[in-house]
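The primary structure of each chain is shown beneath.
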Amino acid sequence: ISAIELAMVIAIGFEGSANKLGIGIIEDGKVLSNVRRTYITPPGEGFLPRDTAKHHQANILTVLDEALKESGVSPQQIDCVCYTKGPGMAGPLVSVAVVARTVAQLWGKPLVAVNHCIGHIEMGRLITGAVNPTVLYVSGGNTQVIAYSARRYRIFGETIDIAIGNCLDRFARVLKISNDPSPGYNIEQMAKKGKQFIELPYTVKGMDVSFSGISSAIESIAEEKLADGSCTPEDLCFSIQETLFAMLIEITERAMAHCQSSEVLIVGGVGCNKRLQEMMGRMCEERGAKLYATDMRFCIDNGVMIAQAGWEMFRAGITTPMEDTWCTQRYRTDEVEVVWRDD
């Protein structure tokens, strides 16, 4: 056992791959701080990389100050500085990585470059206690069904076009639904009042899903049916949720059967959705499996998940040399060797 494994390790994590800016500090599985700011645009608008990067630049030092104060930890006590290497939007990723690199040099601490998706998985495992689950990772930029095998998080199924969160965000823009606190959350609340199910394209191709067709279809359906009064915006919210979530549960169940898994862990921003959790819970019940999910503190992009994945990597002896601390918009979950797990 190495000295690092025996010592108490404190890691700080910097996350800013999309419109959430987060910094969190963790000590051996205990969350000491988890501070976040969200860049919110007006209804009907998405967030552009340049404007999002400016938001992160304007807020990051305040967030860092708050995270340190909330944790009661001094920079001297921190063992490693972890940051999101990718995947994500280039401008926001780089603006946060620059600050992580700067503080690492000022404090004389090693850097750990973290895969964003693995941050979600490791945080989910820590918070829920799931041991070896089939993971459904659903967010604004990613939709993947993942399971661990032979030191990799293997992707069993994924979207072949847009992510589920992106599909919901686009739909929210069509209906001019507010982006505060998030389009997905507001769709979820409206869907509870929906009474009529409208049939939409259901596209599962083997283990993969496609959301671009449903996204295009609901635009024209919304225009036509809202104009003639044959349905309400709430009916459309209900219908898109039911269709998208059913597709996800189908491919998750297939992955569980293949892996002979008895645990499901939902991670990513869309994983907060109570209806998705309810549908997945019902499928797990029928299979005699257990569902694990987290709340908004840890489902939505945050800094402490990057700290947790970095903590695992650092204890396994992984650090990133300064010349390799670049960012990338494309960074597959299965590219990372999971050296911290030996099961």
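Before any of the text, the structure's been laid out above.
Every value quoted in this text rests on a predicted model; they were computed, and no experiment measured them. In this numbering scheme, every chain counts its residues from 1 along its sequence in written order. Side-chain atom pairs in this predicted model are given and counted only at pLDDT of 80 or more, local residue features only at pLDDT of at least 70, and totals for whole chains, interfaces and linings cover all residues. Only hydrogens and water are set aside when side-chain values are computed; all heavy atoms of the structure are taken into account.

### A word on a negative patch on the surface
Taken together, the side chains of Glu219, Glu223, Glu224 and Asp228 define an acidic patch exposed on the protein surface. Counting from the N terminus, the helices are the DSSP runs of H or I reaching at least four residues and the strands are the DSSP runs of E reaching at least two. With respect to the helices and strands, the residue Asp228 is situated in helix α7 (residues 212-228). Any residue with relative accessible area above 30% and no salt bridge may belong to a patch, with like charges joined within 9 Å and the nonpolar Val, Leu, Ile, Met, Phe, Trp and Tyr side chains within 5 Å. Only the protein chains shown count as cover for residues, and the accessible areas themselves come from Shrake-Rupley with a 1.4 Å probe. For this document, the term salt bridge refers to a Lys or Arg side-chain nitrogen within 4 Å of an Asp or Glu carboxyl oxygen. Counted as positive: Lys and Arg. Counted as negative: Asp and Glu. His and the chain ends are not counted at all. Every charge is mapped to an atom, namely NZ of Lys, CZ of Arg, CG of Asp or CD of Glu.

### Brief notes about the pairing of strand β1 (residues 10-15)
Consecutive side chains along a regular strand alternate between the two faces of the sheet. Among the 6 residues in β1, 6 count as buried, and that is most of the element. Note on classification: 1.4 Å probe, protein chains only; a residue is buried when its accessible area is under 20% of the maximum for its type, exposed when over 50%, partly exposed between these limits. Here β1 shows a buried face lined by Ile10, Ile12 and Phe14 and a second buried face lined by Ala11, Gly13 and Glu15. Judged from the 6 bridges that link them, β1 and strand β2 (residues 20-27) form a sheet pairing that is antiparallel. Looking at the pairing, Ile10 lines up with Glu27 of β2. Where β1 folds back on β2, the antiparallel hairpin that results is connected by 4 residues. DSSP calls a pair of strands paired once it identifies at least 2 bridges connecting them.

### Some details on the pattern of salt bridges
Applying the stated criterion across every chain yields a total of 12 salt bridges. Note that Arg332 and Glu158 form a salt bridge whose closest N and O atoms lie 2.8 Å from each other. Highlighted residues: Arg332 in the segment after α11 (303-315) and Glu158 in strand β8 (residues 152-158), separated in sequence by 174 residues. The class of Arg332 is partly exposed, set by a relative accessible area of 33%.

### So, helix α3 (residues 90-107)
The terminal C-alpha atoms of α3 lie 26 Å apart, and with 18 residues this matches the ideal 26 Å at 1.5 Å per residue to within 8%. Taken residue by residue, α3 has Pro92, Leu93, Ser95, Val96, Ala97, Val99, Ala100, Val103 and Ala104 as its buried positions. Should any heavy atoms of two residues lie within 4.5 Å, those residues are considered in contact. On its buried face, α3 sits against β1, β2, α2 (49-71), β4 (80-86) and β5 (111-115). The positive-phi residue at the C-terminal boundary of α3 is Gly108, with phi of around 70°. Each helix should span, by expectation, one fewer than its residue count multiplied by 1.5 Å.

### Brief notes about the nonpolar core
Buried residues of nine kinds, namely Ala, Val, Leu, Ile, Met, Phe, Trp, Tyr and Cys, make up a nonpolar core once their side-chain atoms join them within 4.5 Å. Ranked by size, the top nonpolar core spans 44 residues in total, and within it Ile164, Phe211, Leu236, Ile240 and Leu244 carry the most contacts. When contributions to this core are tallied by element, the ones reaching two or more residues are β6 (134-138), α5 (164-174), α6 (183-191), α7, α8 (233-259), β11 (263-267) and α9 (274-287). The biggest single contributor to this core is α8, with 11 residues. Beyond its immediate chain neighbours, meaning those up to four positions away, Ile240 contacts Cys167, Leu168, Phe171, Leu200, Ile214 and Ile218. Counting 34 residues, the second largest nonpolar core, distinct from the first, contains Val112, Val135, Met305 and Ala307.

### Digging into the environment of Gly72
Relative to the elements of secondary structure, Gly72 occurs in the loop between α2 and β4. Take Gly72: its relative accessible area is 62%, and that puts it in the exposed class.

### What about the sheet that holds β8?
Pairing in this open sheet of 5 strands is mixed, and the strands run β8-β7-β6-β11-β12 from one edge to the other. In the strand order of this sheet, the two ends are held by β8 and β12 (290-293), each with one partner. Strand-to-strand twist in this sheet, taken as the mean axis angle between neighbours without regard to direction, amounts to 25°. Relative to β8, strand β7 (residues 143-149) runs antiparallel, the two sharing 6 bridges. To obtain an axis, a line is fitted to C-alpha atoms, over the contacting stretch when the element is a helix, and the angle between two such axes runs from 0 to 180 degrees between their N-to-C directions.

### A word on the sheet that holds β2
Taken together, the 5 strands give an open sheet; going across it, the order is β3-β2-β1-β4-β5, and neighbouring strands pair in mixed fashion. Of all the strands in the sheet, the pair left with one neighbour each is β3 (30-38) and β5. Neighbour-to-neighbour, the strand axes of the sheet open up by a mean angle of 20°, direction not taken into account. Of the pairings in the sheet, the one linking β1 to β4 comprises 4 bridges and is parallel in character. When the sheet's bridge partners are listed, Phe14 is paired in β4 with Tyr83. Those strands touched by α2 are β1, β2 and β3, and its axis lies near 155° from that of β3. The strands that α3 touches are β1, β2, β4 and β5; relative to β4, the one it contacts most, it runs at about 160°.

### Digging into helix α4 (residues 116-128)
Between its terminal C-alpha atoms α4 stretches 19 Å, which fits the 18 Å expected from 13 residues at 1.5 Å a residue. Among the 13 residues of α4, 11 are classified as buried, and the element is accordingly described as predominantly covered. Listing the buried residues of α4 in full gives His116, Cys117, Ile118, Gly119, His120, Ile121, Glu122, Met123, Gly124, Arg125 and Thr128. Just downstream of α4, Gly129 is the residue with a positive phi angle, here 85°.

### Looking at the packing of aromatic side chains
Ring pairs shown here join Phe, Tyr and Trp side chains whose ring centres sit within 6.5 Å, with only the six-membered ring taken for Trp; geometry is labelled stacked below 30 degrees between planes, edge-to-face above 60, and tilted in between. Evaluated as defined, the whole model comprises 2 aromatic pairs. For the pair Tyr148 and Tyr153, a centre-to-centre distance of 5.6 Å together with 65° between the ring planes defines the contact as edge-to-face. Residue Tyr148 is classed as buried on the basis of its relative accessible area of 9%. Its relative accessible area of 1% is what places Tyr153 among the buried residues. Relative to Phe238, the ring of Phe197 lies with its centre 6.3 Å away and its plane at 85°, an arrangement referred to as edge-to-face.

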